[in-house]
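Residue-level structural notes
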Amino acid sequence: MVQTAVDLANTLRPVKGEDALETVEQLRDFLDDHPVTEPPSAAADQGSRPWHLTGADLAEVRAVRDTVREVLERANADAVEAAALINEGLRRSRATAVLRHEDGRWWTEVTSDTDRCAAHLAATTLSALASVIATLGPARLGVCAGPTCRATFVDLSRNGSKQYCTRTCSHRASVAAYRSRRSPR
């Protein structure tokens, strides 16, 4: 679910001025690609698409996105503030941890007791970011160091030294540094 948090934050590209969550249909597509826990009654009643999405849902999800993005941007510099943002977001979404057992395996899942799509998305994404901070530390959340990129990432690598969102941004930075060293002064 950490990737869902990163993907949600990266639906907004502030440097490019792009927003991939401008319509309800775009939200529906995002949720189709990133399933979140839905209320049991909704799943049974409506089949494969449990959320009847409206403009209000879109606005709520965009607010969740802003919180998730702010956590990813702040965690490395101000972990206490990032934790406060996570805690407030989880409270607003009425998140609840649930212990599950299936196929001989136990795990915890954080979900919301409301029927609101945004609340479930907040519970899922913010609890995943909280788990990363608790297990690996806040420095594992970040924003791409590329000068023309503000994409977010979660560094799950062994050495925890990730600075760029993708290899493309890393390569661009390497090429720029090489050219800078090679240019006459």
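Residues numbered from 1 in each chain as written. Predicted model: local features only at pLDDT ≥ 70, side-chain atom pairs only at ≥ 80, totals over all residues. Heavy atoms only, no water.

1. Comments concerning the overall build of the protein chain
Of regular secondary structure, the protein chain possesses 7 helices and 6 strands. Each helix and strand of the protein chain, placed in order from N terminus to C terminus, yields the pattern α-β-β-α-α-α-α-β-β-α-β-β-α. Principal-axis analysis of the C-alpha atoms places the extent of the protein chain at approximately 70 × 35 × 30 Å. When the 185 residues of the protein chain are sorted by exposure, 38% land in the buried category. Within the structure as shown, the protein chain displays about 10800 Å² of accessible surface, and the carbon and sulfur contribution to it stands at 50%. Computed over 24 positive and 24 negative side-chain charges, the inter-centroid distance for the protein chain is 13 Å. (Helix = DSSP H or I, 4+ residues; strand = E, 2+ residues; numbered from the N terminus. Buried < 20%, exposed > 50% of the residue type's maximum accessible area, 1.4 Å probe, protein only. Areas by Shrake-Rupley, 256 points an atom, 1.4 Å probe, with all protein chains shown as cover. Lys, Arg positive; Asp, Glu negative; His and termini not counted. Charge placed at Lys NZ, Arg CZ, Asp CG, Glu CD.)

2. Brief notes about the nonpolar core
One finds Val-68 and Leu-129 to be the most contacted residues of the largest nonpolar core, which totals 33 residues. Apart from residues no more than four positions distant in its own chain, Val-68 is found in contact with Ala-5, Leu-8, Ala-9, Thr-125, Leu-126 and Leu-129. The next biggest cluster of nonpolar side chains, apart from the first, holds 6 residues, and it includes Cys-144, Ala-151, Tyr-164 and Cys-165. (Core = buried A, V, L, I, M, F, W, Y, C linked by side-chain atoms within 4.5 Å. Contact = heavy atoms within 4.5 Å.)

3. Looking at the packing of helix H5 (residues 79-92) against helix H6 (residues 117-136)
Running from N to C, H5 and H6 cross one another at 150°; their axes reach a closest spacing of 9 Å. Looking at the two axes, H5 sits roughly antiparallel to H6. Note that H5 runs across H6; the crossing there is left-handed. Between H5, through Ile-86, Gly-89 and Leu-90, and H6, the contact on the second element is made entirely by Ala-122, Ala-123, Leu-126, Ser-127, Leu-129, Ala-130 and Ile-133. Looking at the contact of H5 with H6, its residues break down into 8 nonpolar, 2 polar and no charged. (Axes fitted to C-alpha atoms, helices over the stretch in contact; angles between N-to-C directions. Parallel < 35°, antiparallel > 145°, perpendicular 65-115°, else oblique. Left-handed = near helix turned anticlockwise from the far one by under 90°. Nonpolar A, V, L, I, M, F, W, Y, C, P; charged D, E, K, R; others polar.)

4. A short note on the pattern of salt bridges
Applying the stated criterion across every chain yields a total of 12 salt bridges. Between Arg-74 and Glu-70 there is a salt bridge, with its nearest N and O atoms 3.1 Å apart. Of this pair, Arg-74 and Glu-70 both sit in helix H4 (residues 55-74), separated by 4 residues, roughly a single helical turn. By relative accessible area, Arg-74 is classed as partly exposed at 34%. (Salt bridge = Lys/Arg side-chain N within 4 Å of Asp/Glu carboxyl O.)

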